[in-house]
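# A structural walkthrough
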Amino acid sequence: MQSATQQNTFADDVLRGLSSNPKFLSSKYFYDDEGSRLFQEIMRLPEYYLTQAELEIFSEQRDEIFQAFAESGAAFDLIELGAGDGTKTSVLVESFLRRQIDFSYIPIDISAEALNFLTGKFNRQFPNLSIQPEQGDYFRTLESFKTKSDKQKIILFLGSNIGNFSLAQAQDFFKSLRAVMNETDLLFIGFDLQKDPHTILPAYDDAQGITAEFNLNLLTRINRELGADFNRQEFSHYASYHPIDGAARSFLISRKAQTVRVEAANKTFEFAAWEPIFMEISQKYTLKMIGDLAQASGFRVAKYFFDSRNFYTNSLWKPE
Ligand code: AVJ
């Protein structure tokens, strides 16, 4: 299996994915500017309960979260991996600033547009906040962490972003994070929990078809950036949830036998009628799975925060 921290180019990954059986594309490429915009729309969908649940935790339990973070009272760097639009984080930032805590906010995101939007918004909203945005794949920035400053690091990995990794990749990823963290640093992670499958599935198959657009947008991106000729009309979105492994998965299904040329890979790919491309995994966790994952990657779970419906948890991890 490929490690979560391995570097490849977009063209390499598309070539590898479309040459595999079954075919796959990596969901990390969803977030061009249009994909980031579509994801903002997904977060406002009634079916997409994850954002509401995490926002509820941040709003209702900001004091408890603050207490858990600022135990030592020392200055810290608040580093957010995959910051997106920062809506949830602004709740924390607001409460830290009110208490005159000494911290800098370091949002890291793959989308330059999302990062510019976030930085502009936070500069207006919090003129006194020290903010140091970093654009890039967050794996790439890991190494710079250790030398960044000698302040305590509180690393946020919110929004169930971890769901896009398989369990093995998640363990790999947390091990790499652990390697660049000091004993007193903290890791705060958002996990979507296993629940009624009838609640989970519609979150990935919304009535307005925004999630379908979000998936199909990757074909548009491949057309534009890699000189391909995918016909979006000939692929349809299919979402599934498997209650035994706790994984929601999405696919684009080729509606007919067809070929697709990808100029940058210098290759033509054959699709059989109804052949799937595996697009994304959104892993749902149990508390047991979270505890095991922490332990296997060199952490212990210090605390869990839950929303009122127990749909979601933010889990605070300490290096072990
Ligand atoms: C950004 C990875 C948390 O898997 O729920 C939303 C992405 N994909 N709808 C998720 C996503 C389809 C989302 N994460």
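Anything mentioned here points back to the structure above.
These figures come from a predicted structure and were not determined experimentally.

## Quick notes on the pattern of salt bridges
- Using the criterion set out here, one finds 21 salt bridges in the structure.
- A salt bridge links Arg62 to Glu94, with the shortest nitrogen-to-oxygen separation between them at 3.9 Å. You can see Arg62 sitting in helix α4 (residues 62-69) and its partner Glu94 sitting in helix α5 (residues 87-98), a full 32 residues away along the chain.
- Across the pair Lys151 and Asp77 runs a salt bridge, and its minimum N-O distance is 3.9 Å. Of this pair, Lys151 sits in the loop between α7 (138-148) and β6 (152-157) while Asp77 sits in strand β2 (residues 76-81), and the two are 74 residues apart along the sequence.
- Under the relative-accessibility criterion, Asp77 is labelled buried at 4%.

## Regarding the pairing of strand β3 (residues 103-109)
- With seven of seven residues buried, β3 lies mostly within the body of the structure.
- Here β3 shows two buried faces, one formed by Phe103, Tyr105, Pro107 and Asp109 and the other by Ser104, Ile106 and Ile108.
- Read as a crossover between parallel neighbours, the route from β2 over α5 to β3 is right-handed.
- Relative to strand β5 (residues 134-135), β3 is paired through two bridges, and the arrangement is parallel. The residue bridging Ile108 from the neighbouring strand is Glu134, located in β5.

## Remarks on the layout of surface pockets
- Here the second largest pocket defines a volume of roughly 220 Å³.
- Lining the second largest pocket are 13 residues, and of these Lys28, Tyr29, Tyr31, Ile110 and Arg221 lie nearest its centre.
- When grouped by side-chain class, the residues that make up the lining of the second largest pocket number four nonpolar, three polar and six charged.

## Digging into the sheet that holds strand β8 (residues 235-242)
- Pairing in this open sheet of four strands is mixed, and the strands run β1-β12-β9-β8 from one edge to the other. Both edges of this open sheet fall to β1 (23-24) and β8, since each of them pairs with a single strand only.
- For β1 and strand β12 (residues 276-283), the ladder comprises two bridges, and the chain directions are parallel. Opposite Phe24, over in β12, you have Phe278 as the bridge partner.

## Notes on α4
- Within α4, the full set of buried residues consists of Ile65, Phe66, Ala68 and Phe69. Buried residues of α4 fall within an arc of 165° about the axis and therefore sit on the same side.

## Brief notes about empty space enclosed by the protein
- Tallied over the full model, the rule gives two cavities of 30 Å³ or more.
- In this structure, the largest cavity encloses a volume near 180 Å³.
- Around the largest cavity sit 17 residues that line it, and Phe39, Tyr48, Tyr204, Glu280 and Ser282 are the ones nearest its centre.
- When residues of the lining of the largest cavity are traced back to their parent elements, those giving at least two are α2 (33-43), α10 (210-226) and β12.
- In terms of residue class, the lining of the largest cavity is built from eight nonpolar, seven polar and two charged.
- Approximately 40 Å³ is the volume found for the second largest cavity.
- Every residue along the wall of the second largest cavity is listed here: Tyr204, Thr211, Ala248, Arg249, Ser250, Glu280 and Ser282.
- Those elements that provide at least two residues to the lining of the second largest cavity are β9 (247-254) and β12.
- Per-element tally for the lining of the second largest cavity: the top contributor is β9, with three residues.

## What about the pairing of β6?
- Along β6, six of the six residues are buried, which leaves the element largely enclosed by surrounding structure.
- Here β6 shows no split at all, with Gln152, Ile154 and Leu156 on one side and Lys153, Ile155 and Phe157 on the other all buried.
- Here β2 runs beside β6; their pairing, made up of five bridges, is parallel. Across the sheet, the residue bridging to Ile79 is Ile155, located in β6.
- One crossover worth recording links β6 to the parallel strand β7 (residues 186-192) by way of helix α8 (residues 167-179), and it is right-handed.

## Description of the site of the ligand
- The full set close to the ligand counts 13 residues, and Tyr48, Gly159, Tyr204, Glu280 and Ser282 are the nearest of them.
- At 2.6 Å, a side-chain N or O of Tyr204 approaches an oxygen atom of the ligand.
- Calculation on the ligand without its partners gives an accessible area of 350 Å², and the protein chains cover 99% of this total.
- In the shell around the ligand, the residues fall into six nonpolar, six polar and one charged.

The rules behind these values
Residues numbered from 1 in each chain as written. Predicted model: local features only at pLDDT ≥ 70, side-chain atom pairs only at ≥ 80, totals over all residues. Heavy atoms only, no water. Salt bridge = Lys/Arg side-chain N within 4 Å of Asp/Glu carboxyl O. Helix = DSSP H or I, 4+ residues; strand = E, 2+ residues; numbered from the N terminus. Buried < 20%, exposed > 50% of the residue type's maximum accessible area, 1.4 Å probe, protein only. Right-handed = clockwise from strand over helix to strand, strands pointing away. Pairing = 2+ DSSP bridges. 1 Å grid on protein atoms, 1.4 Å probe; cavity = no way out; pocket = protein on both sides within 12 Å on 5 of 7 lines; lining within 4 Å. Points joined across faces, edges and corners; volume = space filled by probe spheres on them. Nonpolar A, V, L, I, M, F, W, Y, C, P; charged D, E, K, R; others polar. Arc of directions from axis to C-beta. Near = heavy atom within 4 Å. Polar contact = N/O pair within 3.5 Å; in protein donor to acceptor, adjacent residues only side chain to side chain. Areas by Shrake-Rupley, 256 points an atom, 1.4 Å probe, with all protein chains shown as cover.

None of this, on its own, says anything about what the molecule does.
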